[in-house]
Amino acid sequence: MAIIAAVEAGGTKFICGLGTEDGKIIERVSIPTTTPEETMAQVIEYFKDKEFDVMGVGSFGPIDPVKGSKTYGYITKTPKPYWSDYNLIGELKKHYDVPMEFDTDVNGAALAESWWGAGENLKNVMYITVGTGIGAGAVVDGKMLQGLTHPEMGHIFLKRHKDDKFEGRCPFHKDCMEGMAAGPAIEDRWGKKGFELADRNEVWDMEAYYLAQAVVNYTLILSPQRIIMGGGVMKQKQLFPLIRKYVLEFLNGYVQKEEILEKIEDYIVYPGLGDEAGFVGSIALGKIALENNRK
């Protein structure tokens, strides 16, 4: 069985390791995300004595995952200090002459969940991560969604909650979804980190109000067969029933499907791969590189 090198390039840490083409993890390490020079030196050092056939790289964004584009393989204009316009795949290609597949961490996670997780055997699946930022990936008809670039579903605009005076903290849009509902927005709005607010019902009701609007938009536009929600904020499990309640309220019977009207607890779910969804997503991207190479 082929060995896959996997890199989950996150805003706070890079998870690097090896896996197999059936989604199993062999080993991995965590490397802090500091500057490209420091972080990538440790990534290169980790893989230097490893044997592998292909590499999958899932990255925080925005990125350019479109093959043939002049900036393919780059992290583009990101709020993450030092990483804008960084040629991530170009740097890896200097050291490893293997087929590589590059996409967003959330697109990779969506693919992994559709193969081995909560979306197994479904062709149309969405994965949303709600943490330091908000990102979403989609698998449509069995393939990761990509067009002009990758989806940027964390930056959609929402109706403001009637009691919310918070201006939003997205550096590009202020009060988009990420600016209003990511972990740092919760902390800025309420003055404490999310885990310190676990017993404050009004915090999670407002959070669910925003996340449910996004879920409704995604449901109407992409019509996924399941929506999987992970990331640090979604560890507050009380969010799930609140989100489901608001989704039913906002849709107001418009989508007449049993999966939503009667089985919504199976429609909006926690990742089957749990905290491993992002890293296993990079293994899934490596499997794509493997399959493309075998053609």
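Residues numbered from 1 in each chain as written. Predicted model: local features only at pLDDT ≥ 70, side-chain atom pairs only at ≥ 80, totals over all residues. Heavy atoms only, no water.

## A few points about the domain arrangement of the chain
In terms of domain boundaries, the chain breaks down into domain 1 (3–103) and domain 2 (118–269). Put simply, the middle of domain 1 and the middle of domain 2, counted by C-alpha atoms, are 27 Å apart. If you look at the interface, domain 1 gives seven residues, while domain 2 gives nine residues. Summed over both partners, the interface of domain 1 with domain 2 buries about 680 Å², with 60% contributed by carbon and sulfur atoms. Scanning the region where domain 1 abuts domain 2 turns up zero salt bridges. Scanning the region where domain 1 abuts domain 2 turns up two residue pairs in polar contact (both at pLDDT 80 or more). Taken together, the residues that form the side of domain 1 that touches domain 2 break down as five nonpolar, no polar and two charged. (Domains from an automatic or database assignment. Contact = heavy atoms within 4.5 Å. Buried area = accessible area lost by both parts, 1.4 Å probe. Salt bridge = Lys/Arg side-chain N within 4 Å of Asp/Glu carboxyl O. Polar contact = N/O pair within 3.5 Å; in protein donor to acceptor, adjacent residues only side chain to side chain. Nonpolar A, V, L, I, M, F, W, Y, C, P; charged D, E, K, R; others polar.)

## Some details on helix α7 (residues 239–251)
Helix length check: α7 (13 residues) gives 18 Å between terminal C-alpha atoms against 18 Å at 1.5 Å per residue, within 8%. Every buried residue of α7 is accounted for by Leu239, Phe240, Ile243, Arg244, Tyr246, Val247 and Leu251. Packing partners of the buried residues in α7 comprise α6 (201–222), β11 (226–230), α8 (258–261) and β12 (268–269). Backbone geometry just after α7 places Asn252 at a positive phi near 55 degrees. (Helix = DSSP H or I, 4+ residues; strand = E, 2+ residues; numbered from the N terminus. Expected span 1.5 Å × (residues − 1). Buried < 20%, exposed > 50% of the residue type's maximum accessible area, 1.4 Å probe, protein only.)

## Section: the packing of aromatic side chains
What describes a pair of aromatic rings is the distance from one ring centre to the other and the angle between the planes of the rings. Scanning the entire structure with this criterion turns up 14 aromatic pairs. With a centroid separation of 5.5 Å and an interplanar angle of 35 degrees, the aromatic rings of Phe14 and Trp83 are classed as tilted. One end of the pair, Phe14, is in strand β2 (residues 13–20); the other, Trp83, is in the loop between β5 (74–75) and β6 (86–87), with 69 residues separating them in the sequence. Like Phe14, the residue Trp83 is buried in the burial classification. When the ring of Trp83 is compared with that of Tyr86, the centres are 5.3 Å apart and the planes differ by 80 degrees; the resulting orientation is edge-to-face. Residue Tyr86 is classed as buried on the basis of its relative accessible area of 16%. Three or more aromatic residues link up through ring pairs in this structure, and these residues are Phe14, Phe60, Trp83 and Tyr86. (Phe/Tyr/Trp six-rings, centres within 6.5 Å; stacked < 30°, edge-to-face > 60°.)

## Structural notes on the sheet that holds strand β10 (residues 143–144)
Taken together, the five strands give an open sheet; going across it, the order is β10-β9-β8-β11-β12, and neighbouring strands pair in mixed fashion. Across the chains shown, the open sheet's two edge strands, defined by having one partner strand only, are β10 and β12. Direction of pairing for β11 relative to β12: parallel, over a ladder of two bridges. Residue pairing across strands places Ile227 opposite Ile268, the latter belonging to β12. (Pairing = 2+ DSSP bridges.)

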